[in-house]
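# Residue-level structure breakdown
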Amino acid sequence: MIENKLKTVIMGLNEGGKLLLEAAIATGLFQIEAVADKNINLVEKVANELKCEAYDDFRQLISSTDARIPRDNRVLLVAAETHNCDEYIKMATKKKFNCLKLPPIARYFEEAAEFVRLSEEEGVIFSIANTGRYAKGFLGLRDYIIKNQLEQVFLVTVFCTFSEPPADTWHTDPKLSGGGVLLYNCYKIIDQIVLNFGLPQQMYSLNTNQAKDRQQRLYLTEDTAVVTLKFTDTLVGNIITSRRSGIGPQQEYLRFFDKDKILTVNDKQINIRDGSGEVTTLEEFNDTELERMTALLKDFAMSILSPKENKPICTGRENLNNMAVIESAYLSARTGFPEEPSKIINMPSGVTGIQMGFD
């Protein structure tokens, strides 16, 4: 057990924040110094249980703990909505906090690039909690791709449906949220696409939502999206996603096709069929989101405690590729033309003035 635990503050005690907190404690590598949430009753209850400080003001959280925590082992875990904490992430970065944020990395590419630029200037780690990379199903996919030659893969397809509409009104406000189902519900699967198949050369997207009139529709984020991806002249793909209520269970999977097999994967299962459709491999897993987050947080902690032996995981710079894909989809839906993620990545200074295709 490492004695010099990371002095840690948590921003946001929503469901994601509670997961971060439980996983951080489970690693034995984090000392929770303070928790913050706008719900004062909740934050005081949690702080009493942990015997730590409680704040309902994010600025005060960073300012107060800055004075008490040594600069060589500060950590900020972020679960709060980005529109409520973007300035405090920057504030903490300037005060040398290493940061782990729940996805998405930001609301739009320019904001993500600013987080990354600032963390690199300050020499601290800025990582994103992409727990899909720790799910056994997707780990199996990664292992399969590394071990097998995939030159004959010609189609990658993703299908995601989510059974509940957003519970909070900020999700439908493009200025507060930055995007809809693609950004918030598909970030994990888009991370898997980019990780395993690279950045698409071109993208074309159609988005819509459930607004009842045409005028209102212009001001709401998308509930449904169909995105076409071109990776190379011989490999294409698509993403079909929707969030709705009352029509069947949630589904989420990635499938790819080559000359003689079809592989379907999600976080719980790998299914391989031969050319005739017969199942040749079926692996099922029972790992939980808590187990994935605990493993991710352990690796994050070790990248700070023992940086020579452990590289940073799920870095902000890696996640700029995800944001370039998402922003290209939003831009294409707006312009009606294919867009190229590489152009967004290669913009001067690493940023773009486009905010996810919305005015």
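Preceding this paragraph is the structure being described.
Parameters and conventions
- Residues numbered from 1 in each chain as written.
- Predicted model: local features only at pLDDT ≥ 70, side-chain atom pairs only at ≥ 80, totals over all residues.
- Heavy atoms only, no water.
- Helix = DSSP H or I, 4+ residues; strand = E, 2+ residues; numbered from the N terminus.
- Contact = heavy atoms within 4.5 Å.
- Areas by Shrake-Rupley, 256 points an atom, 1.4 Å probe, with all protein chains shown as cover.
- Lys, Arg positive; Asp, Glu negative; His and termini not counted.
- Charge placed at Lys NZ, Arg CZ, Asp CG, Glu CD.
- Phe/Tyr/Trp six-rings, centres within 6.5 Å; stacked < 30°, edge-to-face > 60°.
- Lys NZ or Arg CZ within 6 Å of the ring centre and 35° of its normal.
- Buried < 20%, exposed > 50% of the residue type's maximum accessible area, 1.4 Å probe, protein only.
- Salt bridge = Lys/Arg side-chain N within 4 Å of Asp/Glu carboxyl O.
- Expected span 1.5 Å × (residues − 1).
- Polar contact = N/O pair within 3.5 Å; in protein donor to acceptor, adjacent residues only side chain to side chain.
- Pairing = 2+ DSSP bridges.
- Axes fitted to C-alpha atoms, helices over the stretch in contact; angles between N-to-C directions.

## Details of the overall build of the chain
A count of helices and strands for the chain gives 13 helices and 14 strands. Principal axes of the C-alpha set define a box for the chain whose edges measure 60 × 50 × 45 Å. Sequence separation of 24 or more characterises 70% of the internal contacts of the chain that already satisfy a separation of 6 or more. Only carbon and sulfur atoms are counted for the fraction: they give 49% of the accessible area of the chain, which is about 16,900 Å². With 41 positive and 49 negative side-chain charges, the chain shows a separation of 2 Å between the mean positions of the two kinds.

## So, the packing of aromatic side chains
As enumerated under the stated definition, the model contains eight aromatic pairs in all. Aromatic pair Phe154 and Phe257: ring centres 6.4 Å apart, planes at 35 degrees, arrangement tilted. Residue Phe154 is found in the loop between helix H6 (136–147) and strand E7 (155–162), and its partner Phe257 is found in strand E11 (residues 251–257); the two are separated by 103 residues along the sequence. Chaining the aromatic ring pairs together yields one cluster made of Tyr144, Phe197, Phe231 and Phe256. Above the ring of Phe58, the side-chain terminus of Lys38 is found at 4.9 Å from the ring centroid.

## Comments concerning the side chain of Glu339
Position of Glu339 relative to the elements: it lies in the loop between helix H12 (316–335) and helix H13 (341–345). One buried charged residue, Glu339, forms no salt bridge at all, with the nearest opposite charge on Lys343 at 6.4 Å. In contact with Glu339, not counting residues within four places along its chain, are Gln201, Gln202, Met203, Ser328, Leu331 and Ser332.

## Some points on helix H1 (residues 15–27)
When the terminal C-alpha atoms of H1 are compared, their 19 Å separation across 13 residues agrees well with the 18 Å that a helix rising 1.5 Å per residue should span. Residues of H1 that are buried include every one of Gly16, Gly17, Leu19, Leu20, Leu21, Ala23, Ala24 and Thr27, and no others. For H1, the N-terminal cap is Asn14; the gap from its side-chain oxygen to the backbone nitrogen of Gly16 is 3.2 Å. Downstream of H1 by a residue or two, Gly28 has a phi angle that is positive, lying close to 75 degrees.

## As for the sheet that holds strand E5 (residues 98–101)
Here six strands make up an open sheet; going across it, the order is E3-E2-E1-E4-E5-E6 and the pairing parallel. If you trace the sheet from one side to the other, it starts and ends with strand E3 (53–55) and strand E6 (126–128), each paired once. Each strand of the sheet is rotated relative to its neighbour by a mean of 25 degrees, with strand direction disregarded. In this sheet, E5 lies alongside strand E4 (residues 74–78) in parallel orientation, the contact comprising four bridges. In the strand pairing of E5, Val78 is matched with Lys101. The strands that helix H3 (residues 58–68) touches are strand E1 (6–11), strand E2 (30–36), E3 and E4; relative to E1, the one it contacts most, it runs at about 170 degrees.

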